[in-house]
Amino acid sequence: MLEKNSVLDQRIIEYLNNYYGIDVVKLTFLPLGADMNASVYKAEAINSLSYFVKLKCNVNHDISIAIVELLHDTGVQQVIYPIKTISGQLIQKIEDFNLIVYPFIDAQNGFDHTLTDKQWVMLGQALKQIHAIDVPVTIQQQLRRETYSPKWREIVRSIYKHLPIQPIGDKIAKELLVFMKQNRIMICRLVDHAEKLAQKLEHDSSQFVLCHSDIHGGNVLLNGDNTLYIVDWDEPMLAPKERDLMFIGGGVGNVWNKSHEEEMFYQGYGKTDINIAMLAYYRHERIVQDIAEYAQKLILTTTGGADRLTMFQHFMDMFASNGVVEIAFKTAER
């Protein structure tokens, strides 16, 4: 989120002191991420330590914390373990908010910094380790499972049925409306491809593994050449491994779209059989979901403030040369 949560800075400082025993001398809002339900901050304490503070509303974080604990306990070194509250909890529930605190890692993400060959190998090794974890039944029962749901495809179709004839709203809404009308054939092609692939795969017997489900460049932190962290475990799920592998070479954010990077990644991940139809499905479905979410927020409402321009830019970037749309079509052709 690019704008602050409604919770005042002073209240957050009080929460950190009351629940974590952290005496904050400076709290800085960080305009990071596309999640409009979350705000993140850097808290600098009197003991010269710094903390990454995440405040998220209306979300049950219990499963994400359970997954981080599982990864930590099974020896996955590429996760950042939360700091416990005074009472020993990894998450503090406050009214409609969840507060999670991590040690602050001074690092760049994979959108802003190119992974070295060594880091690509490290990422492959880490993801292989995660996919190989034997998830306890108690955690499996709380995780989402892949169902190849038509939800996002139906939303895009519905949006096209109800697009206004004349542009309305602010400049961003008008420009996006024009773009969607001009590119209706291409967008409908994405939806139809995703539909056909889903029908083909819904009875597929591929093994389900623990997936991060959103492991793009923004969720990989790089701290020097020898350290790499996978962050934002808010949406873990059980799905075929291609749910995560589709990001490698998938071009999200117009990065991670070079063949050499894939080669380095799979040196770390190891030899594996990839279901190309599954890979194509996930690359199409991811775009369809983004189209649905961005269009609903930008065309059907005028809310979002500074986030609106960022969402619009993300939408347009999907259709750039060698971007996610072009790569998804090429994957389907394979």
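Keep in mind that what you see is a predicted model, and the values were worked out from it rather than measured. (Residues numbered from 1 in each chain as written. Predicted model: local features only at pLDDT ≥ 70, side-chain atom pairs only at ≥ 80, totals over all residues. Heavy atoms only, no water.)

Asker: How would you explain the overall build of the chain if you had to name every residue and give the values?
Answerer: Tallying secondary structure elements over the chain gives 12 helices and 11 strands in all. Here the C-alpha atoms of the chain give a radius of gyration of 21 Å, agreeing with the 20 Å that 2.2 N^0.38 yields for 334 residues. When the 334 residues of the chain are sorted by exposure, 50% land in the buried category. The long-range share in the chain, meaning contacts at least 24 apart out of those at least 6 apart in sequence, stands at 74%. Within the structure as shown, the chain displays about 16,100 Å² of accessible surface, and the carbon and sulfur contribution to it stands at 50%. Both charge centroids of the chain, one from 33 positive and one from 41 negative side chains, sit 5 Å from each other. (Helix = DSSP H or I, 4+ residues; strand = E, 2+ residues; numbered from the N terminus. Rg over C-alpha atoms; globule rule 2.2 N^0.38 Å. Buried < 20%, exposed > 50% of the residue type's maximum accessible area, 1.4 Å probe, protein only. Contact = heavy atoms within 4.5 Å. Areas by Shrake-Rupley, 256 points an atom, 1.4 Å probe, with all protein chains shown as cover. Lys, Arg positive; Asp, Glu negative; His and termini not counted. Charge placed at Lys NZ, Arg CZ, Asp CG, Glu CD.)

Asker: Any chance you could break down the environment of Leu-99 for me, citing the residues and the numbers?
Answerer: Residue position: Leu-99 is located in strand β5 (residues 97-103). On the accessibility criterion, Leu-99 (0% relative accessible area) is buried. Taking the C-alpha atoms as reference, Leu-99 lies 9.8 Å from Tyr-19; in sequence the two are 80 residues apart. Not counting chain neighbours up to four residues away, the residues in contact with Leu-99 comprise Tyr-15, Leu-16, Tyr-20, Val-53, Lys-54, Leu-55, Ile-91, Gln-92 and Ile-94.

Asker: So what about the packing of aromatic side chains? Which residues, and what values?
Answerer: Under the counting rule described, the total for this entry stands at 12 aromatic pairs. Between the aromatic rings of Tyr-15 and Tyr-19, the centroid separation amounts to 6.3 Å while the plane-to-plane angle is 45°, which identifies the pairing as tilted. One end of the pair, Tyr-15, and the other, Tyr-19, are both in helix α1 (residues 9-20), 4 residues apart, so they sit about a helical turn from each other. Feature note: the residues Tyr-148, Tyr-281 and Tyr-282 constitute an aromatic cluster, connected by ring pairs. The cationic tip of Lys-42 hangs over the ring face of Phe-104; the distance from NZ or CZ to the ring centre is 4.6 Å. Taking the ring centre of Phe-329 as reference, the NZ or CZ of Arg-189 above it sits at 3.8 Å. (Phe/Tyr/Trp six-rings, centres within 6.5 Å; stacked < 30°, edge-to-face > 60°. Lys NZ or Arg CZ within 6 Å of the ring centre and 35° of its normal.)

Asker: Summarise the packing of helix α6 (residues 171-182) against helix α10 (residues 276-298); cite the residues concerned and give the values.
Answerer: Between α6 and α10, whose axes approach to 9 Å, the crossing angle comes to 140°. Classed by the angle they form, the pair α6 and α10 counts as oblique. Here α6 runs over α10; the crossing is left-handed. On α10, the residues that touch Ile-172, Ala-173, Leu-176 and Met-180 of α6 are Ile-291, Tyr-294, Ala-295 and Leu-298. Here the contact of α6 with α10 is composed, by residue class, of 8 nonpolar, no polar and no charged. (Axes fitted to C-alpha atoms, helices over the stretch in contact; angles between N-to-C directions. Parallel < 35°, antiparallel > 145°, perpendicular 65-115°, else oblique. Left-handed = near helix turned anticlockwise from the far one by under 90°. Nonpolar A, V, L, I, M, F, W, Y, C, P; charged D, E, K, R; others polar.)

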